[in-house]
Amino acid sequence: MSASPPADAGRQSEPPADVAALIPLVRRIVEARVGNHPAADDLVQETLVRVLAAASRVEPGLLEPYAIVTARNVIASLWRQADRQRRNQHRVVDLRPAEEPDEQVLAVEEQSAVAQALARLSDREREALVAHEVAGEDTHALASQTGSTPGAVAAQLNRSRARMRVEYLLALENADPPTERCRPVLLALSSGDRRRQREVDAARHVLECDLCARLSQPLMERGQQRDDEVHISVTSDADVVAARQGARELASRLGFRATDLTILATAVSEVTRNIVRFAGSGEVVVELVERPRRGVRVTARDTGPGIHDVEQALADGYSTNAGLGLGLPGARRLMDEFAVVSEPGHGTTVTMTKWLQEG
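Residues numbered from 1 in each chain as written. Predicted model: local features only at pLDDT ≥ 70, side-chain atom pairs only at ≥ 80, totals over all residues. Heavy atoms only, no water.

Novice: Can you help me understand the overall build of the protein chain in this one?
Specialist: The number of helices and strands found in the protein chain is 17 helices and 6 strands. Taking the contacts inside the protein chain whose residues are at least 6 apart along the sequence as the reference set, 68% of them involve residues at least 24 apart. Looking at the protein chain as shown, the accessible area adds up to about 19900 Å², and 50% of this sits on carbon and sulfur atoms. (Helix = DSSP H or I, 4+ residues; strand = E, 2+ residues; numbered from the N terminus. Contact = heavy atoms within 4.5 Å. Areas by Shrake-Rupley, 256 points an atom, 1.4 Å probe, with all protein chains shown as cover.)

Here it is as structure tokens:
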């Protein structure tokens, strides 16, 4: 089954003016009541989500009072939740000492996994890796032995290390990859090869394969950490907060205005909440872009039930449930570029971009 064609809303450079004008007011109300509380930004964004959702049903002259009341209610909910957690803390804290792991057994398991991983490498890979890592031979010495170049040897060593990590984790899990796609995906993740990751559609496979989902985290943590993007695995409401905070942090480094930061975080919050609500799990990637201009691109993908009619889902006023969420139309209005690709039964990918307003 082929994917539905992208639905692209083009450029939406400004949010609804009346709602955007309420952001400073809402921020003042929140700061007056919670000060520098870590949840202050989340309270502002949650208030904005609710006001935007109700904007079409509220007279323009009543929007400001509605925003004030909504902010107060959101803040009150925060304090009630904090009080409930404080009163029930004793019920969830386990004061028993943690069990000490059997270090000897773990060491034997790790040694066995290393041996199995080495055995799965080719003779050439294994010999070069052992000579470099154990015997201490540099790439120039290895190149002279094989009639190659130091650069080619270094590249081969990197590929061997990447494969070694994959085979080690598979051996440690005592697991065989369930599909032919697993090893290529895991190798692309282990090596940090972004081009190869796109070729094998690693992002979608990790969402569909439980084994690769478990192994992907340690593989990617071993690679070089990029400071121009964040990846958030989404399974619960806590991940909604992590996604919008990640978007705010990246965008603030580009110099986004406070109002635009709130707008961006609100849109990210909405598409992430949709993943939790309708798909159960997925991933949000937030990245800085430089071309054709500077901005922030957000990709939210899942492998849920998909959307049967994308055009209808993007129509203003459309909602798939009776909640207060903005839905896709609301998120689209807040962003400059917005596209949805969905295949019923196979998931949905939302891509949206907010450009930095220069000057």
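The rest of the description comes next.
Novice: Mind showing me how you'd approach helix H9 (residues 150-173) here?
Specialist: End to end, H9 covers 35 Å across 24 residues, agreeing with the expected 34 Å (1.5 Å per residue, within 8%). Among all positions of H9, only Val153, Leu157, Ser160, Ala162, Met164, Arg165, Val166, Glu167, Leu169, Leu170 and Ala171 are buried. Just downstream of H9, Asn174 is the residue with a positive phi angle, here 55°. (Expected span 1.5 Å × (residues − 1). Buried < 20%, exposed > 50% of the residue type's maximum accessible area, 1.4 Å probe, protein only.)

Novice: Teacher, can you tell me more about the pattern of salt bridges here?
Specialist: A side chain of one charge can pair with a side chain of the opposite charge when the charged atoms of the two come close. Applying the stated criterion across every chain yields a total of 15 salt bridges. Between Arg273 and Glu46 there is a salt bridge; the shortest N-O distance is 3.2 Å. Highlighted residues: Arg273 in helix H15 (residues 258-279) and Glu46 in helix H3 (residues 40-54), separated in sequence by 227 residues. Glu46 shares its class with Arg273; the two are buried. Salt bridges sharing common partners tie together Arg27, Asp41 and Arg248. (Salt bridge = Lys/Arg side-chain N within 4 Å of Asp/Glu carboxyl O.)

Novice: What am I meant to see in helix H7 (residues 123-133) here?
Specialist: Along an α-helix, residues three or four apart share an orientation, since each turn contains 3.6 residues. Within the sequence span of H7, burial applies to Glu125, Leu129 and Ala131. Around the axis of H7, the buried residues are gathered within 165° of arc, so they sit on the same side. Those residues of H7 hidden inside the fold are in contact with helix H8 (139-146) and H9. (Arc of directions from axis to C-beta.)

Novice: Before we go on, may I ask you to explain unusual backbone geometry in this structure?
Specialist: Trans is the prevailing form of peptide bonds, just as negative phi is the prevailing case for residues other than glycine. Here the amide bond leading from Arg291 into Pro292 is cis, since omega sits at 0°, within 30 degrees of zero. Backbone geometry at Asn174 places phi at a positive 55°, although glycine is not the residue there. Judged by relative accessible area, which is 72%, Asn174 ranks as exposed.

Novice: Is there a simple way to think about the packing of H7 against H9 in this case?
Specialist: What describes two packed helices is the angle between their axes and the distance between those same axes. At a closest axis distance of 10 Å, the pairing of H7 and H9 adopts a crossing angle of 100°. Considering their axes alone, H7 and H9 lie roughly perpendicular with respect to each other. Contacts from Glu125, Ala128, Leu129, His132 and Glu133 in H7 reach Gln156, Leu157, Ser160, Arg161, Arg163 and Met164 in H9. A class-by-class count of the residues in the contact of H7 with H9 yields 4 nonpolar, 3 polar and 4 charged. (Axes fitted to C-alpha atoms, helices over the stretch in contact; angles between N-to-C directions. Parallel < 35°, antiparallel > 145°, perpendicular 65-115°, else oblique. Nonpolar A, V, L, I, M, F, W, Y, C, P; charged D, E, K, R; others polar.)

Novice: Explanation requested: the side chain of Glu283 in the structure shown.
Specialist: Assignment of secondary structure puts Glu283 in strand E3 (residues 282-289). Classification of Glu283 as buried rests on a relative accessible area of 13%. A distance of 3.2 Å separates polar atoms of two side chains, one belonging to Glu283 and the other to His231. With sequence-adjacent residues up to four places away left out, Glu283 is seen in contact with Ala203, Leu207, His231, Ile232, Val234, Ile275, Thr299, Ala300 and Arg301. (Polar contact = N/O pair within 3.5 Å; in protein donor to acceptor, adjacent residues only side chain to side chain.)

Novice: What is the right way to look at the confidence of the model for the protein chain in this model?
Specialist: A low pLDDT means the predicted coordinates there should not be read in detail. This prediction gives the protein chain a mean pLDDT of 79; 80% of its residues lie at or above 70. In the predicted structure, residues 1-15 sits below a pLDDT of 50 and forms 40 contacts with residues beyond four places in sequence or in another chain. (pLDDT = per-residue confidence, 0-100.)

Novice: In this structure, what is going on with the environment of Asp210? I would like to understand it.
Specialist: With respect to the helices and strands, Asp210 occurs in helix H13 (residues 210-222). Spatially, the C-alpha atoms of Asp210 and Pro178 are 9.6 Å apart, while their sequence positions differ by 32 residues.

Novice: Just checking my understanding: could you explain the pairing of E3 for this structure?
Specialist: The buried fraction of E3 is high, at 8 of 8 residues. Of the two faces of E3, both are covered, the one formed by Gly282, Val284, Val286 and Leu288 as well as the one formed by Glu283, Val285, Glu287 and Val289. Sheet topology places strand E2 (residues 229-234) next to E3; 6 bridges connect them, and they run antiparallel. Of the residues in E3, the one forming a bridge with Ile232 is Val284. Bridge count between E3 and strand E4 (residues 295-302): 8 bridges; the pairing is antiparallel. Within the sheet, the bridge partner assigned to Gly282 lies in E4 and is Asp302. In sequence, E3 turns back onto E4 through a hairpin of 5 residues. (Pairing = 2+ DSSP bridges.)

Novice: Honestly, the environment of Ile68 in this entry has me stumped. Any pointers?
Specialist: Mapped onto the fold, Ile68 is located in helix H4 (residues 63-87). It is 9.6 Å that separates the C-alpha atoms of Ile68 and Val30, two residues lying 38 residues apart in sequence. In contact with Ile68, not counting residues within four places along its chain, are Leu25 and Ile29.

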